[in-house]
Amino acid sequence: MVQKFQSPVRVYKYPFELVMKAYECRFPKCPQMPIVLDCEIIKDEVLENGAKRNTSRRCKLAVDAPYIFKKLIGVDFVYFLQHNYLDLANRTLNIEAVNESFSSRIEIFERCRYYAHPDNPEWTCFDQTATLDIKNFFGFEHSMEKMGMKQYTQTTLKGKEIIEFFINKLESEGVTVVERWMPPADAPSTPTTREPSEEPAQQNNIKDDERRRSSHDVLLDGDFIAKNLGTLTPMQASKLLELRKMLNGDEDLEEMPSYQTILRFLTARDWHVSQAFTMLKDSLKWRKEHNIDSLVKEYKAPAVVVNHFPGGWHHHDKDGRPIYILRLGHMDVKGLLKSIGTEGLLKLTLHICEEGMERIKESAEKLGQPILSWCMLVDLEGLSMRHLWRPGVKALLNIIETVERNYPETMGRVLVVRAPRVFPIAWTIVSAFIHENTRSKFLFYGGPDCLHMKDGLEQYIDSEIIPDFLGGPCKTLIHEGGLVPKTLYKMNSLEEEDDGEEQENKKVLEAAGGALMHEHRSLYKTVELRTGYIHEVIIPNQDPKSVLTWDFDVMRSDLHFTLYRATKELPSKIDTAVSIFDMSDFVEGEHYFKEEPTLICRHRESVQGSHVMHHTHTYIMQWFSPSSGPEGPAQLNFFYEVLSSANYKGSMTSLQSGFSSSSAASSCQSR
């Protein structure tokens, strides 16, 4: 197993010569590095009139490992060989270190470099790489890998601290300036050389360098990371540099992405460099093919979006993230899709994402701190089955997939407010398509009041900018949404598809008669009930405190809906006109109980509800058709889901405040 490590560039705001003098103070040992027990010089030579100095040391290091581990391998310390190549003329120091102990079982190779800052000759840069190749180590290969990673992280963090310590010590001794090396007056002139690794970039690939150079082509030092990227571990910074170098070696890359962009893709792929490289390359190709870079300037929102899309930007949260508000419950999904189509809705979403990226950058520059994502506030008041219309769900999943692929880790927090009882159904459907990292950023607020509760909105948003529709003092410029006039519909294919399906339902009903049920695009089921007929769904429950959720539409006539719980074993049912409870000796209050009071559901109503199933009994959802209207039998379009008690307590904890253990189903008009 081979592990590679790479540290970000570290900048010392001191001249190279002073840093070198401080560096020499570290030997043969220093209190800041107790692991180094001693260093013996085994070779030291000065070349080219003092311009170069090559020094080799044999260093004795304590084994930083548990006592039992040291006993098992039989050593308390190990030896390393360090080779220093100092070039005072070019102001560079290259350091190579390899392990002498256990070299046949494990190979450790470290390369460090000190050099004058390319833009400020009075500063000094430092970078560091290392490889750990464990071939066979007494069966402790994995332990050695972990210890190697730990040791690298510790030495990387201490390195700058040690140099700073000795510079301060030199200053206390009166040494603040070290003269640069100058060749003796009588020495023959020697042309200065550049490091081989720099020659191709500066001579053979100058055009490529200029093509890729951008405002992001900066040194990745500690100050830059703290100001622009936030907190990164040495290992994460190493991965970031590794991916940056892979991109720099890609001949097809026209412009180097920012470190912020590279960091987002790395995080999205759990710091797997090769996976992040592939994902980022695919995204850059997609951006070029779809001309995404010009979307913000060229996109013109259609009139139907301007007048009926309930979303917009609204100030910043307490962490400095731009806030985007979407009043999803007020959004006419079907109307917008039929007016601008799936591609139009996707283009609108991409425009919002691009605006978000610009606002993130502006906020970071204004605050002088790392802002890498935006915040979304989603108002679900009014959410109902119409939002789960099949073409609408399909379009939403397509949008989620596109955004996840090309804008990873741009959503810092999602505040979902006024989540109704139907929300667990919608979340069950949609959450499976959202990346786990993004799902963890959702915070849910059930019930009408999301302000005056523990961990309410004011924990994340300043009280003075909370929108007025949530009870705050701040007015927004966000449209209320509302129905899109059918005169604006352009996407007839979606309407024809729905109409065709309904006609097919009627044909089958005429042939079969009575109550008919069939799958509705694998998500909802449709049942048609003649006068006096009953449809019942039986749900055995073995998970106390699991949650039963339902969502249904009533078409062409009225229906009565009731939720029952049976403690007695249920008989088989054949006659669709008769209830299970009418088929044998069932007594209400003894063998079965009404868990939800009967709800009269009117024509064209959409009904959502949920119920906490406290008992390990059988639950029965029942719909009864008292009479059919002139348009024919009543039609029921329904969906139900059982959320396990573990899932309900985990991802839905904050929704519980909006539910009672046995509350009546809520209903709202469908469009």
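Residues numbered from 1 in each chain as written. Predicted model: local features only at pLDDT ≥ 70, side-chain atom pairs only at ≥ 80, totals over all residues. Heavy atoms only, no water.

Trainee: Tell me about helix α12 (residues 333-367), residues and numbers included.
Mentor: Its 35 residues place the ends of α12 only 37 Å apart at the C-alpha level, less than the 51 Å of an ideal helix rising 1.5 Å per residue. At glycine 341, α12 shows its strongest bend, of approximately 100°. Glycine 368 lies just past α12 and shows a positive phi near 65°. (Helix = DSSP H or I, 4+ residues; strand = E, 2+ residues; numbered from the N terminus. Expected span 1.5 Å × (residues − 1). Bend = angle between axes of the 7 residues up to and from the residue.)

Trainee: With reference to specific residues and values, describe the pattern of salt bridges.
Mentor: For the structure shown, the criterion picks out 29 salt bridges. The partner of glutamate 24 in a salt bridge is arginine 57, with the nearest N and O atoms 3.3 Å apart. In this pair, glutamate 24 is assigned in helix α1 (residues 16-24) and arginine 57 in strand β4 (residues 52-62), connecting sequence segments 33 residues apart. For arginine 57, a relative accessible area of 4% puts it in the buried group. Between arginine 327 and glutamate 381 there is a salt bridge, and its shortest N-O distance comes to 3.9 Å. Within this pair, whereas arginine 327 is found in the loop between β10 (322-326) and α12, its partner glutamate 381 is found in the loop between β11 (374-379) and α13 (390-406), the two being separated by 54 residues in sequence. (Salt bridge = Lys/Arg side-chain N within 4 Å of Asp/Glu carboxyl O. Buried < 20%, exposed > 50% of the residue type's maximum accessible area, 1.4 Å probe, protein only.)

Trainee: I'd like a rundown of the side chain of glutamate 528, residues and numbers included.
Mentor: Topologically, glutamate 528 is positioned in strand β15 (residues 524-529). Judged by relative accessible area, glutamate 528 falls into the buried class, the value being 1%. A polar side-chain atom of glutamate 528 sits 2.7 Å from a polar atom in the side chain of arginine 556. Of note is the side chain of glutamate 528, whose polar atom sits 2.9 Å from the side chain of glutamine 635. (Polar contact = N/O pair within 3.5 Å; in protein donor to acceptor, adjacent residues only side chain to side chain.)

Trainee: Hey, could you go over the sheet that holds strand β18 (residues 559-566) for me, with residue numbers and the actual values?
Mentor: Where strands meet in a sheet, backbone hydrogen bonds hold them as pairs that are either parallel or antiparallel. The four strands are arranged β16-β21-β18-β19 in an open sheet whose pairing can be described as antiparallel. Two strands bound the open sheet, and with one partner strand each, they are β16 (534-540) and β19 (592-601). Adjacent strand axes in the sheet meet at a mean angle of 15° when their direction is disregarded. (Pairing = 2+ DSSP bridges. Axes fitted to C-alpha atoms, helices over the stretch in contact; angles between N-to-C directions.)

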